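Here's the letter readout for the chains.
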Amino acid sequence: MAEHLLLHGKTTSVLIAHGEGAPSVLYWGAKIPDADAEAVAAALDRPLAHASIDIEAPVALVSELGSGFFGSPGIKGSRPGGGAWAPRFQASAPPEVGDDHVTLRCADEIAGLAYTIELWLESTRDVLAFRVTLANTGDTDYSLGRLALSLPLPTRANEILDFTGRWCDEFHPRRTPWEAGAIINENRRGRSSHDHVAVLFAGTEGFDENHGEVWGFHLGWSGNSRLVAERLSDGRRYLQAGEYLFPGEVELAPGEEITSPWLYGAHSVRGLGEVSRSFHSYLRDRASHPSPDTPRKVLLNTWEAVYFKHDVPTLKRLADVAAEVGAERFVLDDGWFPNRNDDTGGLGDWWVDPAKYPNGLDELVDHVTGLGLEFGLWFEPEMVNPDSELYRAHPEWVLQDPDYPEILGRNQLVLNLANDDAYAYVLEHLDRMLTDHAIGYVKWDMNRDHVQPVHAGRAGTRAQTLALYRLLDELNGRHPDVEFESCSSGGGRADFEILRYTKRIWTSDCNDALERQRIQRGFSMLFPPELMGAHVGPHQSHTTRRTHGLGFRGAIAFMGHLGIEWNLLDATEAERKQVAELVALHKQFRPLLHSGDLVRLDSLDDATLTQGVVSEDKGEALFVYARINTARSSIPDPVQFAHLDPDARYQARILGLPGPGGEFGRTKPEWMREPKGVELSGRTLMRAGLQPPVLDPESALLFHLTRVD
Ligand code: GLA
C-alpha cells in the first residue's frame, strides 16, 4: 500500500505517494487539507485506457520506462553489455518526514541501483525544491546518460511561457499552446546559455501577470540542461528537468553516486507575478543572497567607457567623476593584464600589465579607494587565449578533445578546471590578486561555449561546472568580503546555483534602454531587482546604435542594481549633473526597490511596459511606465496597478526623471497638474486606474504611490 504524504507551503500543497513502486507526486497545486490526503489519492485514481498495458505507470519523480511509462525516462543508462537500462524501483526504507521536507529512499536490487529524493516545501513559502542522488550499488560500472526529475501538471495547464534568446537579447519570452506531444529544451553550451534557459512556466489558458493558475519550473544549474514539457496521449501532462549529459560523461563506478542539480517549482492561482515573487522571496532568504542591511553599491564599469584602452591618468579622472556623481564602486573591466589590447591575447595571465600600469595596480586602487569607492576587477578565469604565457606553458590544460584541432570562440579556449593543476593555477593567481590588492568586487566573466569539452578522456562539461563551483566556493571562503558577479557575455549564466556563489548577474551586454525594458522583464521572472545588473550607457547605445535621452536610460537601469557604463569624461557638465540626480534618486528608493515585491503589469497593447516594486507592507510603490513604441490609439489606457492594499489610501504622483522631458502640455491629465498628485484607494487604483499623459515613444515616467494614514 502506498503511503500518502502531504507537504504544505504558504498557499500550496504537494501530495506524494510512496511505498508502491517509484514515488510520485499526485497533486501539486493550491492548498488542500491534511484530512484529504488519502481521499484525494483515491479521487484522482485513473481508470485504465482501452488498448493500454494493464497498469498506468505514474509520472514518478524519477519516471520509469521499466514500469511502462512511455514519456521521457528519468534515468537513462546501462551497464557494460547493455543491462540495467530500464530499472524499476521500490521503496527501500520508510520515508523520513520533517516539518517541511521529505526524504524518500528507493532501490532496484536487480539493476543494482538506489536513489534518494529530497523534497523541501517550507510552510512560509511556495517554492518546492527537490533533487535526487543516484547510487550504483551493483558491481560493474553504470554509464549514465540522464538523471532527471518529473512533476505532473493538471490538464488545465495548457499554455507555456518559456524563453529563447541570444547575445544582447536574453530572456526572450515565447508563449505557446501546450498541445499533445513534447517541447524539449536542450542546452549543450556549457553555461546556462542565452538561448536555452532552463526555466518554464505553464498555466491555464490566457494566464497573465495577475490572473490564472501558473506553475513555474527552474533547474538550478550553470552547465548543460534538458527540460521537457510533454502531454501524453492518455491526457496527462508533466514537466521534467535534469542535467543534459553527453554520451559517456558520467560513468558511476560500483559504490559511486551522483546528485542531480536542485529543481525548483512554484505555483500560484493568482498569476505569473505571484510565481515570480515566490522565486524572489526564496532567493532572498538564502544565506548567499546580498544582505538587505548592506545597500547594493552603485557602480561605474569601465567596459563601454574605455574598453581595452587603460591609461592610469584617464582612469583616475574617470574615478573622480564616478565619485562626483555618487557611484560607490569602480569596476575595472577587461584590459588590465598583459597582452590585452584587444580580445586576441592575454587570458590566463592573471597579473597586472606593467606597460599599462607602470607603478602597479595600486596606484589606481589607492586612488579609487581614496575617493571612498570600492575597487572591483574583471576576470575570465575559465578561459585562456592561445596567445598567452599560460597556454604556451600548458597547452594541455584546455577543455578540448586532444585528438581534434581546437575550435576558438572570441579567440579563446576553455581552461579545464577539472584538471587539478589548472585549477590550482587559477586559484593561486586569483587569490594572489585578491590578497595583494584592496579588491572588494570581482566581475567573473565566461565568454564562450564548450565545444568537444573533454576531461580525462570523456565529456567534461559536468566536471567543469562542478570545478567552477568549487573554485568560487574556495575564493568566497578565502575572501568573504569580496562580492562576485556572474557574467557570461551578458546574461549567459543566470541560474539559482551560480547565485550560491555570486551576488549579481550581469543581465545583458545590451545597454539599449529600449531592449532592456523587455530583457529585464524576462529576467525578473526568476530573479529579484537587487541581483539584476542594470547600467546607464551613453546617449548612443554601443550594441544597437539607437539613441535615447537620459530619462529613458535611467528609468530602466534605476529599477535594478544600478551601474553606469559610459565614459563620463565625454559627458557634458549638465549630463553629469543629471546622472548625479539619477544616482541620488536611486539611492533614495534603493531600500524599497531591493526589498519590495516586484510587480509587472499587463497592458492591452504592445505600446507600453510597466513594472514596479511594492513594499512588503504595501505602504509604498514605485512603477516605471515606459512607452516602447507608438500606439494604435492617440491616448494611452489608464494604468491599472496591482498588488496594492485595496483598502489603503494612496497619494499617487509622478516622480520627475533627470534629463529633458516631463513637459506634457495639453496631454497632461488633470490629476497631474497638481504637484502632489491625487489621493485614491488601492482598490480604485487597481480597478479604475490612473490616466498617464501622452508619452513620446521611447520615453518613460515613474509613478510613486505612498499610503496616507
Ligand atoms: C563580456 C562581458 C562584457 C565585458 C566584456 C569584456 O562581453 O559581457 O560586459 O566585460 O566581456 O571583454
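Here the structure is a predicted model, which is why all the values come from computation and not from measurement.

### As for the packing of helix 7 (residues 420–436) against helix 8 (residues 461–478)
- Direction vectors running N to C along helix 7 and helix 8 enclose 30 degrees, while the axes themselves pass 11 Å from each other. When the interaxial angle is binned, helix 7 and helix 8 end up roughly parallel. The interaxial crossing formed by helix 7 with helix 8 has right-handed handedness. Residues Tyr423, Val426, Leu427, Leu430, Asp431 and Leu434 of helix 7 touch helix 8, and the partners they reach there are Ala467, Arg470, Leu471, Glu474, Leu475 and Arg478.
- Residues of the contact of helix 7 with helix 8, tallied by class, amount to eight nonpolar, no polar and four charged.

### Focus on the sheet that holds strand 26 (residues 441–444)
- Pairing is parallel in the closed barrel, where eight strands are placed in the order 21-22-23-26-29-30-31-32. Each adjacent strand pair in this sheet contributes to an overall mean axis angle of 30 degrees, direction not counted.
- Where strand 21 (residues 299–301) meets strand 32 (residues 561–564), two bridges bridge the pair, whose relative direction is parallel. Counted as the bridge partner of Leu300 is Ile564 from strand 32.
- Contacts from helix 9 (residues 513–523) reach strand 30 (504–506) and strand 31 (532–536) within the one sheet, and its direction differs from that of strand 31 by about 165 degrees.

### Observations regarding the site of the ligand
- The environment of the ligand is made up of 13 residues, and the closest members are Asp333, Asp334, Arg410, Lys443 and Asp509.
- Interatomic distance of 2.7 Å between a side-chain N/O atom of Lys443 and an oxygen atom of the ligand.
- Between the ligand and Asp509, the relevant distance is 2.5 Å, taken from an oxygen atom to a side-chain nitrogen or oxygen of the residue.
- Compared with its free state, where it exposes 310 Å², the ligand has 96% of that area covered by protein.
- Among the residues making up the shell around the ligand, the classes are represented as four nonpolar, three polar and six charged.

### A short note on a nonpolar patch on the surface
- A surface patch of nonpolar side chains, amounting to about 540 Å² of accessible area, comprises Ile53, Ile55, Leu65, Phe70 and Trp85.
- Residue placement: Ile53 occurs in the loop between helix 1 (37–43) and strand 4 (75–78).
- By relative accessible area, Ile53 is classed as partly exposed at 39%.

### Notes on the packing of aromatic side chains
- On inspection of all chains with the given rule, the structure shows 31 aromatic pairs.
- Ring plane angle 85 degrees and centroid distance 5.8 Å describe the contact between Phe171 and Phe523, whose orientation is recorded as edge-to-face. Of this pair, Phe171 sits in strand 12 (residues 169–177) while Phe523 is found in helix 9, placing the two residues 352 residues apart along the sequence.
- The class for Phe171 is buried, based on a relative accessible area of 2%.
- Classification of Phe523 as buried rests on a relative accessible area of 0%.
- Centre to centre, the rings of Phe201 and Phe279 are 6.4 Å apart; their planes meet at 70 degrees, and the pair counts as edge-to-face. One end of the pair, Phe201, is in strand 14 (residues 199–204); the other, Phe279, is in helix 2 (residues 272–284), and 78 residues separate them in sequence. Taken as a pair, Phe201 and Phe279 share a single burial class, namely buried.

### Regarding the environment of Arg175
- For Arg175, the position within the fold is in strand 12.
- The spacing of Arg175 and Glu159 is 16 residues in sequence and 7.2 Å in space, taken between C-alpha atoms.
- Excluding its chain neighbours within four sequence positions, the residues that come into contact with Arg175 are Glu159, Ile160, Leu161, Gly206 and Phe207.
- Looking at Arg175, its side chain comes within polar contact range of the side chain of Glu159, at 2.7 Å.
- A distance of 2.7 Å separates the side chain of Arg175 from the backbone oxygen of Phe207, its partner in a polar contact.

### Quick word on the layout of surface pockets
- What the largest pocket holds in volume is close to 1200 Å³.
- As for the largest pocket, its lining consists of 41 residues, of which Ser24, Leu26, Leu44, Arg46 and Pro58 are closest to the centre.
- For the lining of the largest pocket, the secondary-structure elements that each account for two or more residues are strand 2 (12–19), strand 3 (21–30), helix 1 and strand 10 (142–153).
- No other element matches the seven residues that strand 3 contributes to the lining of the largest pocket.
- Within the lining of the largest pocket, the residues separate by chemical class into 22 nonpolar, eight polar and eleven charged.
- Within this model, the second largest pocket holds a volume of roughly 770 Å³.
- Forming the walls of the second largest pocket are 29 residues, and the residues nearest its centre are Asn210, Gln640, Phe641, Ala642 and Met686.

### As for the nonpolar core
- With 175 residues, the main nonpolar core has Phe330 and Trp336 as its most contacted residues.
- The leading source of residues in this core is helix 7, at eight residues.
- Not counting the four nearest positions on each side in its chain, Phe330 is found in contact with Leu300, Thr302, Leu315, Leu318, Ala319, Ala322, Leu364, Val368, Leu373, Glu374, Phe375 and Gly376.
- Grouped together as the second largest cluster of nonpolar side chains are 24 residues, Phe623, Phe641, Ala652 and Phe664 included.

### Some words on helix 11 (residues 573–593)
- Its 21 residues give helix 11 an end-to-end C-alpha distance of 28 Å, which sits within 8% of 30 Å, the value for a rise of 1.5 Å per residue.
- Within helix 11, the axis deviates most sharply at Lys587, by approximately 35 degrees, and proline Pro591 lies no more than four positions further along.
- Every buried residue of helix 11 is accounted for by Arg576, Gln578, Val579, Leu582, Val583, Leu585, His586, Phe589, Arg590, Leu592 and Leu593.

### A short note on the side chain of Ser63
- Inspection of the secondary structure puts Ser63 in the loop between helix 1 and strand 4.
- Within the structure, Ser63 has its side chain in polar contact with the backbone oxygen of Ser72 (distance 2.7 Å).
- When residues no more than four places from it in sequence are discounted, the contact partners of Ser63 are Phe69, Ser72, Pro73, Gly74, Ile75, Ser150 and Gln240.

### Looking at the sheet that holds strand 36 (residues 649–655)
- Judged by pairing direction, the sheet is antiparallel, and its six strands sit side by side in the order 33-34-35-38-36-37 without closing on themselves. For this open sheet the edge positions go to strand 33 (597–601) and strand 37 (678–681), each flanked by a neighbour on one side alone. Averaged over all neighbouring strand pairs, the angle between strand axes comes to 25 degrees, with direction disregarded.
- Where strand 35 (residues 620–627) and strand 38 (residues 699–708) come together, eight bridges link them in antiparallel fashion. By the bridge assignment, Ala621 is partnered in strand 38 with Leu705.
- Across the sheet, helix 11 is in contact with strand 34 (608–614), strand 35, strand 36 and strand 38; its angle to strand 35 comes to roughly 115 degrees.

Cut-off values and rules
- Residues numbered from 1 in each chain as written.
- Predicted model: local features only at pLDDT ≥ 70, side-chain atom pairs only at ≥ 80, totals over all residues.
- Heavy atoms only, no water.
- Axes fitted to C-alpha atoms, helices over the stretch in contact; angles between N-to-C directions.
- Helix = DSSP H or I, 4+ residues; strand = E, 2+ residues; numbered from the N terminus.
- Parallel < 35°, antiparallel > 145°, perpendicular 65-115°, else oblique.
- Left-handed = near helix turned anticlockwise from the far one by under 90°.
- Contact = heavy atoms within 4.5 Å.
- Nonpolar A, V, L, I, M, F, W, Y, C, P; charged D, E, K, R; others polar.
- Pairing = 2+ DSSP bridges.
- Near = heavy atom within 4 Å.
- Polar contact = N/O pair within 3.5 Å; in protein donor to acceptor, adjacent residues only side chain to side chain.
- Areas by Shrake-Rupley, 256 points an atom, 1.4 Å probe, with all protein chains shown as cover.
- Patch = residues over 30% accessible without salt bridge, like charges linked within 9 Å, V, L, I, M, F, W, Y side chains within 5 Å.
- Salt bridge = Lys/Arg side-chain N within 4 Å of Asp/Glu carboxyl O.
- Buried < 20%, exposed > 50% of the residue type's maximum accessible area, 1.4 Å probe, protein only.
- Phe/Tyr/Trp six-rings, centres within 6.5 Å; stacked < 30°, edge-to-face > 60°.
- 1 Å grid on protein atoms, 1.4 Å probe; cavity = no way out; pocket = protein on both sides within 12 Å on 5 of 7 lines; lining within 4 Å.
- Points joined across faces, edges and corners; volume = space filled by probe spheres on them.
- Core = buried A, V, L, I, M, F, W, Y, C linked by side-chain atoms within 4.5 Å.
- Expected span 1.5 Å × (residues − 1).
- Bend = angle between axes of the 7 residues up to and from the residue.

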